[in-house]
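Summary of the model geometry
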Amino acid sequence: MAANEIGSQWKVTRCVAAMRRPGLPPTALQEYHTDGTGSGESAALASVVTACQDLAVARGTVSIPDTLGAAEVQPIRRALAELGVTSLLVLPLIDGEDHIGVLVFMQSSERNWHPSEIVVLKTLAEQVVIALNNAGLRRLVRNLSVTDEKSGLLKRASYLDLALAEAQRAAQQATPLSILLMHFGRGAAMIKEFGEPALEAVMEQVGQLFTANIRSNDLAFRYDTTTVAIILGDTAEKEALLAVEKLRKLMADVRMPGKDQPLPFTAGLAEALMRSAYDPVDIVTEVINRGEQALHDALAQGAGTVLSLAPNMAAAAVA
């Protein structure tokens, strides 16, 4: 998407987005090219990507208006000629202190990039890194098989790691983050009354409803026997409360065997206190503790209570 969208918007002959660790071959490469221009040969593209990233590691952003007269691209002149490249702009993709890839803009004619254009493209490159991290995180979740197959809920073991990753992403993007805990009755008492298989079947139904109706950037976990936790990305307290009401309505038809009443529903909510000076670990620890306290206080007030606990520990119940 980065190669296609950025390449077309900036009207370059070719735009190549590649993932590569310095000293190694590219591990992923995507090329955009204008209509009427053929796809580049993979060997030529890999050669240009390798040389361009090595330049970017040493120099940062690299702009070469005329490749024919530039000594630094002499080793790849044949590949550039094969691709029909006359000018280059190279932007490194950097995650912290690690170089993970490169964006290369290739033009078939001479082009001097304006400083303001380069500033915008650098910002886009930063967003590409964030998106790659987010996509990589979700692939990791799937690959580690931390999702319960029947309910679709993530397992509790991944909760802290994913909460930390989401807090880091929220801090980078300056977006809000909220933690929601939803409790559906006393687990021990329900097991005694209905049996563990019946309770598990109902919680699987709850999980399936939630995972089918939350947004793609939200993460739902089986927190304990009768509690589900949801990490709500890009969500402040007001929007989180609206999400609670949506989920409450979804639960209206869920019943324990032989019961006419819906499952008891109690929820605790906390919006993370995002400050640039705060460490993500501290942010996550504080908001998780506050979410658990909000649920504890809501349970004390009785079934049906939804309680949001602010960072100053002033709580407001929402009926």
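A brief structural summary. These numbers were taken from a predicted model, which means no experiment stands behind them.

Points about the environment of T50
Along the chain, the position of T50 falls in helix 2 (residues 42-59). Among the residues examined, T50 registers a relative accessible area of 23% and is labelled partly exposed. Separated by 141 residues in the primary sequence, T50 and I191 place their C-alpha atoms 60 Å from one another. Excluding anything up to four places from it in sequence, T50 contacts R20 and P26.

A word on the pattern of salt bridges
Counted according to the given criterion, the structure contains 10 salt bridges. In this structure, the salt-bridge partner of E72 is R59, at a minimum N-O distance of 3.0 Å. Of this pair, E72 sits in the loop between strand 3 (62-64) and helix 3 (77-83) while R59 sits in helix 2, and the two are 13 residues apart along the sequence. When its relative accessible area of 33% is taken as the criterion, E72 is described as partly exposed.

Thoughts on the environment of T211
Within the secondary structure, T211 is located in helix 7 (residues 196-213). Overall, the relative accessible area of 31% leaves T211 in the partly exposed class. When sequence neighbours within four positions are dropped, the list of residues in contact with T211 reads S151, G152 and L153. Looking at T211, its side chain comes within polar contact range of the main-chain oxygen of G207, at 2.9 Å.

Concerning the sheet that holds strand 2 (residues 28-33)
One open sheet holds the 5 strands; their spatial order is 2-1-5-4-3, and the pairing between them is antiparallel. At either margin of the open sheet sits one strand with a lone partner, and together these are strand 2 and strand 3. The sheet shows a mean angle of 10° between the axes of neighbouring strands, taken without regard to direction. Each of strand 1 (14-19), strand 2 and strand 5 (98-107) is contacted by helix 1 (residues 2-9), which is oriented at about 30° to strand 2, the strand it contacts most. Of the strands in this sheet, strand 1, strand 2, strand 3, strand 4 (87-95) and strand 5 touch helix 2, which is tilted by about 120° from strand 5.

Reading guide: rules and limits
- Residues numbered from 1 in each chain as written.
- Predicted model: local features only at pLDDT ≥ 70, side-chain atom pairs only at ≥ 80, totals over all residues.
- Heavy atoms only, no water.
- Helix = DSSP H or I, 4+ residues; strand = E, 2+ residues; numbered from the N terminus.
- Buried < 20%, exposed > 50% of the residue type's maximum accessible area, 1.4 Å probe, protein only.
- Contact = heavy atoms within 4.5 Å.
- Salt bridge = Lys/Arg side-chain N within 4 Å of Asp/Glu carboxyl O.
- Polar contact = N/O pair within 3.5 Å; in protein donor to acceptor, adjacent residues only side chain to side chain.
- Pairing = 2+ DSSP bridges.
- Axes fitted to C-alpha atoms, helices over the stretch in contact; angles between N-to-C directions.

It is worth stressing that arrangement in space is one thing and function is another; only the former is reported here.
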